[in-house]
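# Examination of the molecular architecture
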Amino acid sequence: MKEHIICRVYPDSIAEELEVEPGDVLVSVGGHEIKDIFDYHYYTNEEYLTVLIRKEDGEEWELEIEKEYEEDLGIEFENGLMDEYKSCHNKCIFCFIDQMPKGMRETLYFKDDDSRLSFLQGNYVTLTNLKDNDLERIVEYKLGPINISVQTTNPELRCQMLNNRFAGDALEKIDILYQAGIPMNGQIVLCKDINDKEELKRTIEDLMAYLPVMESVSVVPVGLSRYRDGLYPLKSFTMEDAKAVLETIHHYQKICFETHGLHFIHASDEWYLLAKEELPKEERYDGYLQLENGVGMLRLLREEFTQALKAAADAVDMQSANFLEVTELSKDPENTKIQGRCKMERITVATGVLAAPVLQELTEEFRRVFPQKEIQVIPIINHFFGEQITVSGLLTGQDLIAQLKGRDLGNRLLLPCNLLRSKEEVFLDDMTLSQMENTLQVEIDIVKSSGQDLVSCLMR
Ligand code: SF4
């Protein structure tokens, strides 16, 4: 029987009350072997259950538990998935992992394609290694949403793009998920002259048949690094291409909204920036269903920022008992009622080339309200992966240092949190935050992802 070592017990949880401790082993729940985290959640979502625990001295405790339905026991396991991670069976022509230089952290080269990670952390899966019994469990446990890397609904083309002769047949699993009512989101990595133009239209039309169970589909441009020797020759999109892609997407958005009240098909922010077109209004994003794919991130940032800035300005108004609207303040950067209430400071914001123009606009908006803050935005070019990679999440410590060292960075340097490894103070190339602070000789503030965080960080 598979056993799972407990690494953490939450304070004030059911597990703590029952004296479960880190190092104990979960043997079974309700007499069932727990194969993975799906089983664990399924069998613990009961009001009455028994849990078999083995203590470090070998003694076995059978715990009888009465709790709320779906109430968590408050346990974390050494292996979060409670099973081996499934690697992918494809060799996609656009895979970014194949385009990474050698010598990086081992974990960055792992190609996962595990449906359980889709439910746990939102990963996109191709369904090519989803076994029938996994599919049955998804349906039986009513899990969702599952995020699917579709790329194309043309079976032959999908086999070519994924370099997997079963990739076309795997599309049939979408039908099963649809019939079972499992919520889904789709993703299309668009490759020029391969799955764009008429193929894109076909894919969108085919996927529209799954509305509203499939809630959204994103279209993202393929990421091309400078390490593509020996790989499939892929081309970059131009401004005209981006305009054509947006035209197609907007056309189908209109149809979907009229029929289902959902815009359904979404272009990632990169398309709007490449086409030099304005970002859609908030309501076009249907509640930001695909932020992790860069869909609506910049619109959300802008909305949150404007709101937080207004609140900050109102707070200053209250203090000074002067009712001045943000718009009025904006027109008058020299306004003395505000000056003196905010510390004089020079700040540098460094980010990827993609988001830099938006950051530039936002910080100018901020300065119109708080002119004491002198702010410069520096776009960092990605020399490590190549200049075509413009997102901040793929910037390395070495590129930041090379482009910031020797410049006047002012009192503080603000960096977006996606530059760092999750929950750690380490950049993609293993440089630490303190190494960077020492090298640049400036205090660094990490800005969490929201617009409020950015305003608070600038105000600090
Ligand atoms: S599914 Fe394709 S893109 Fe994803 S890791 Fe595997 S080969 Fe790479």
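Preceding block: the structure.
Structure report, in brief. For clarity, every value in this text was computed on a predicted model and none was experimentally measured.

### A look at the layout of surface pockets
If a probe as big as a water molecule is rolled over the atoms, it shows which places are left empty. Estimated volume of the second largest pocket: approximately 270 Å³. Along its surface, the second largest pocket is lined by I37, F38, H41, Y42, N45, E46, Y69, E70, F119, L120, Y141 and L143. Among the secondary structure elements, those contributing two or more residues to the lining of the second largest pocket are helix 2 (37–44) and helix 3 (115–121). For the lining of the second largest pocket, the element with the highest residue contribution is helix 2, accounting for four residues. Of the residues contributing to the lining of the second largest pocket, the split by class is eight nonpolar, two polar and two charged.

### Quick word on helix 14 (residues 433–440)
Within the span of helix 14, buried status applies to L433, M436 and L440. The buried side chains of helix 14 occupy one side of the element, clustering within an arc of 60 degrees when seen end-on. Each element contacted by the buried residues of helix 14 is listed here: helix 13 (397–404), strand 13 (412–416) and strand 14 (443–447). Q441, located one to two residues past helix 14, shows a positive phi value of around 55 degrees.

### Re the sheet that holds strand 4 (residues 60–66)
Here five strands make up an open sheet; going across it, the order is 4-3-2-1-5 and the pairing antiparallel. Where the open sheet ends on each side, the last strands, each with one partner, are strand 4 and strand 5 (75–77). This sheet shows a mean twist of 45 degrees between the axes of neighbouring strands, independent of strand direction. Relative to strand 2 (residues 25–29), strand 1 (residues 4–9) is paired through two bridges, and the arrangement is antiparallel. Residue pairing across strands places H4 opposite L26, the latter belonging to strand 2. Along the sheet, helix 2 contacts strand 2, strand 3 (48–54) and strand 5; its crossing angle with strand 2, the most-contacted strand, is approximately 60 degrees.

### Concerning the site of the ligand
The environment of the ligand is made up of C88, N90, C92, F94, C95, K111 and T126. When the residues that make up the shell around the ligand are grouped by side-chain class, the tally is four nonpolar, two polar and one charged.

### A short note on the pattern of salt bridges
For the structure on display, the rule yields 36 salt bridges. Here R8 ties to E76 by a salt bridge, and the two come within 3.3 Å at their closest N and O atoms. One end of the pair, R8, is in strand 1; the other, E76, is in strand 5, with 68 residues separating them in the sequence. When its relative accessible area of 41% is taken as the criterion, R8 is described as partly exposed. Residues E277 and K243 are paired through a salt bridge, measuring 3.6 Å at the closest nitrogen-oxygen approach. On the criterion of sequence distance, the pair formed by E277 in the loop between helix 9 (269–275) and helix 10 (297–320) and K243 in helix 8 (residues 239–260) is long-range, its members being 34 residues apart. Residue E277 is classed as partly exposed on the basis of its relative accessible area, which comes to 29%. Look at the salt bridges and you will find they share partners, linking K2, K35, D36, D39, D83, K86, D114, R116, D134 and R137 into a network.

Rules used in this analysis
- Residues numbered from 1 in each chain as written.
- Predicted model: local features only at pLDDT ≥ 70, side-chain atom pairs only at ≥ 80, totals over all residues.
- Heavy atoms only, no water.
- 1 Å grid on protein atoms, 1.4 Å probe; cavity = no way out; pocket = protein on both sides within 12 Å on 5 of 7 lines; lining within 4 Å.
- Points joined across faces, edges and corners; volume = space filled by probe spheres on them.
- Helix = DSSP H or I, 4+ residues; strand = E, 2+ residues; numbered from the N terminus.
- Nonpolar A, V, L, I, M, F, W, Y, C, P; charged D, E, K, R; others polar.
- Buried < 20%, exposed > 50% of the residue type's maximum accessible area, 1.4 Å probe, protein only.
- Arc of directions from axis to C-beta.
- Contact = heavy atoms within 4.5 Å.
- Pairing = 2+ DSSP bridges.
- Axes fitted to C-alpha atoms, helices over the stretch in contact; angles between N-to-C directions.
- Near = heavy atom within 4 Å.
- Salt bridge = Lys/Arg side-chain N within 4 Å of Asp/Glu carboxyl O.

So yeah, pure geometry; function would need other evidence.
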